[in-house]
Amino acid sequence: MPSFKSHLVSFILRHSRKKAFASPENLQRWIAYARKTEDHHPPALLRERLDTTDRSVDGFPVYEIAPKAGERRRILYMHGGAYVFQITSYHWGLIAEMAERLGFGITVPIYPIAPEHDFHAMFGMVGDVYRQMLDETDAEDIVFMGDSAGGNMAVVLTMMAAEEGLPLPSRHVLISPGLDMSLSNPEVFEAERNDPWLGISGGLEAIRMYSAGIDRSDWHISPLYGDLSVLPQTLLLTGSHDLLSPDNLIFAKKARAAGVDVQVVYEEGMFHVWPLIEMPEARRARDSIVAFLEGEPTKRRATARRTARPALAARPAQAAE
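A few points on the structure. Within every chain, residues take consecutive numbers counted from 1 along the sequence as written. Selection of residues for local features in this predicted model requires a pLDDT of at least 70, selection of side-chain atom pairs for listing and counting requires 80 or more, and totals for whole chains, interfaces and linings are taken over all residues. Hydrogen atoms and water are omitted, and side-chain values are computed over all heavy atoms in the structure.

**Details of the overall build of the protein**
Where helices and strands are cited, they refer to DSSP runs of H or I of at least four residues and of E of at least two residues respectively, numbered from the N terminus. Counting secondary structure elements, the protein contains 10 helices and 8 strands. Summarising its shape, the C-alpha atoms of the protein cover approximately 50 × 45 × 40 Å along the three principal directions. Buried positions account for 59% of the 321 residues belonging to the protein. Note on definitions: a residue-residue contact is assigned when non-hydrogen atoms from the two residues lie within 4.5 Å. Put simply, of all contacts in the protein between residues at least 6 apart along the chain, 79% involve residues at least 24 apart. Of the roughly 13,400 Å² that the protein leaves accessible, carbon and sulfur atoms contribute 53%. For the protein, the distance from the average position of its 34 positive side-chain charges to the average position of its 42 negative side-chain charges is 2 Å. Burial classes: relative accessible area under 20% of the type maximum marks a residue as buried, over 50% as exposed, and values in between as partly exposed (1.4 Å probe, protein chains only). In these tables, accessible area is a Shrake-Rupley quantity obtained with a 1.4 Å probe, and a residue counts as shielded only by the protein chains included in the view. Neither His nor the chain ends is counted toward charge; the positive residues are Lys and Arg and the negative residues Asp and Glu. Charge placement uses NZ in Lys and CZ in Arg. For Asp and Glu, CG and CD serve respectively.

**Topic: the packing of aromatic side chains**
Two aromatic rings, drawn from Phe, Tyr or Trp (for Trp, its six-membered ring), form a pair once their centres lie within 6.5 Å of each other, and the interplanar angle then sorts them: stacked below 30 degrees, edge-to-face above 60, tilted otherwise. Under the counting rule described, the total for this entry stands at 4 aromatic pairs. When the ring of Tyr83 is compared with that of Tyr210, the centres are 3.7 Å apart and the planes differ by 5°; the resulting orientation is stacked. With Tyr83 in the loop between strand 3 (74–78) and helix 4 (89–102) and Tyr210 in helix 8 (residues 200–210), this residue pair connects regions lying 127 residues apart in the sequence. Both residues of the pair, Tyr83 and Tyr210, belong to the buried class. The interplanar angle of 80° and the centroid separation of 4.9 Å between the aromatic rings of Tyr130 and Phe144 together place this pair among those described as edge-to-face. One end of the pair, Tyr130, is in helix 5 (residues 119–136); the other, Phe144, is in strand 5 (residues 142–147), with 14 residues separating them in the sequence. Residue placement shows Arg17 over the ring face of Phe85; its charged tip is 5.3 Å from the ring centre. By definition here, charges over rings are those cases where NZ of Lys or CZ of Arg is within 6 Å of the ring centre and within 35 degrees of the ring normal.

**With respect to the pairing of strand 5**
Taken residue by residue, a regular strand's side chains alternate between the two faces of the sheet. Of all 6 residues that make up strand 5, 6 are buried, and the element is covered over most of its length. The alternating pattern of strand 5 places Ile142, Phe144 and Gly146 on one face and Val143, Met145 and Asp147 on the opposite face, and all of these are buried. At least two DSSP bridges between two strands are needed for those strands to be called paired. Examined bridge by bridge, strand 3 and strand 5 share 5 bridges and lie parallel to one another. Bridging from a neighbouring strand, Leu76 pairs with Phe144 of strand 5.

**Points about the pattern of salt bridges**
We define a salt bridge as a side-chain nitrogen of Lys or Arg found within 4 Å of a carboxyl oxygen belonging to Asp or Glu. Considering all chains together, one arrives at 15 salt bridges under this definition. With a closest N to O distance of 2.7 Å, Asp128 and Arg131 form a salt bridge. Remark: Arg131 and Asp128 occur in helix 5; sequence separation between them is 3 residues, near one turn of the helix. Overall, Arg131 belongs to the partly exposed group, its relative accessible area being 23%. When salt bridges with common partners are traced through the structure, they connect Arg55, Glu64, Arg74 and Glu136 into a single cluster.

**What about the pairing of strand 6 (residues 171–175)?**
The element strand 6 is largely enclosed, with a buried count of 5 among its 5 residues. What you see with strand 6 is no split at all: Arg171, Val173 and Ile175 on one side and His172 and Leu174 on the other are buried throughout. In the sheet, strand 5 pairs with strand 6 via 5 bridges, with the strands oriented parallel. When the sheet's bridge partners are listed, Asp147 is paired in strand 6 with Ile175. Handedness of a crossover is defined as follows: orient the strands so they point away from the viewer, and if the path from the first strand over the helix to the second runs clockwise, the crossover is right-handed. Considered for its hand, the β-α-β crossover made up of strand 5, helix 6 (residues 149–164) and strand 6 is right-handed.

**Topic: helix 4**
Relative to the 20 Å expected for 14 residues at 1.5 Å per residue, helix 4 spans 20 Å between its end C-alpha atoms, a close match to the ideal helical length. After helix 4 finishes, the residue Gly103 shows a positive phi value of roughly 75°. Multiplying 1.5 Å by the helix residue count minus one yields the expected span of that helix.

**Thoughts on the sheet that holds strand 8 (residues 262–267)**
Ordered in space as 1-2-4-3-5-6-7-8, the 8 strands form an open sheet in which the pairing is mixed. Each edge of the open sheet carries a strand with a single partner, namely strand 1 (52–57) and strand 8. Pairs of neighbouring strands in the sheet enclose a mean axial angle of 20°, with direction left out of account. For strand 7 (residues 233–239) and strand 8, the ladder comprises 6 bridges, and the chain directions are parallel. Bridging from a neighbouring strand, Thr238 pairs with Tyr266 of strand 8. For helices, the fitted axis covers only the stretch in contact; all axes are lines through C-alpha atoms, and the angles between them, taken along N-to-C directions, range from 0 to 180 degrees. Relative to the sheet, helix 6 contacts strand 3, strand 5 and strand 6, its axis offset from that of strand 5 by approximately 145°. Packed onto the sheet, helix 9 (residues 245–257) meets strand 6, strand 7 and strand 8 and runs at close to 160° relative to strand 8.

Printed below as a string of structure tokens:
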């Protein structure tokens, strides 16, 4: 049974954040307000607890959360925010806990977001971050972790790296990822009624702003339709009150059919990205993530295919005008 705190958080979300996704106009107003208040810097408390450094990649900040001495393993964490909102204190809280409990180094790109930037800028930057990680760390010691839009980015980035023939990460941790933006599944519209946070109308506006005219059914936008066989061992966390959940379960089924080892944490009554919010269900989810990443990864069954594409952010087909 969902905790009292989860019910309280759900109530607050439904009467606040859900309004941002009620219409394209509402989303644009929320973005305009957010630009006045957002701060991507790690909170002071995190800096007190952990060593952090920062650098610039393609003109955007990248933070490094220091690992324990001698630890080689690293996480590339891609934050959520519907591609249009900046990293938040909730993301930093999860990142800090993972760094402390696992001792892994965590790389956090503050990637360009829409509407000021689009798909090509986003993946150009995170692709360059990943290349730099590969210069320093073996791919078998790298994990991609992301929530919501960041979960989408983790899967798409792996597929793009596979096309380029780059070494691929050893594992994925996907928290409420957005994996099918085509909205071709009617169950998504039914799920919207139970979701206290996300809405389809505002979500479509976010996709329009970041997708650079690429068709929503293209795997660069909806990785459910890409080659899932290249993906590594995956932990997917999804809740019954998340409109993205029906497609997450389809993704798990298709990925398993393609030979991918997928573990699913499905939490009844939970809303979008619940592991980011301090409550009993989030503590269970975080324990699942730690247990997954502390275990030995399974061997990859698929091999990356090589093509002549020169870069991770090579331009996919555009939608018809």
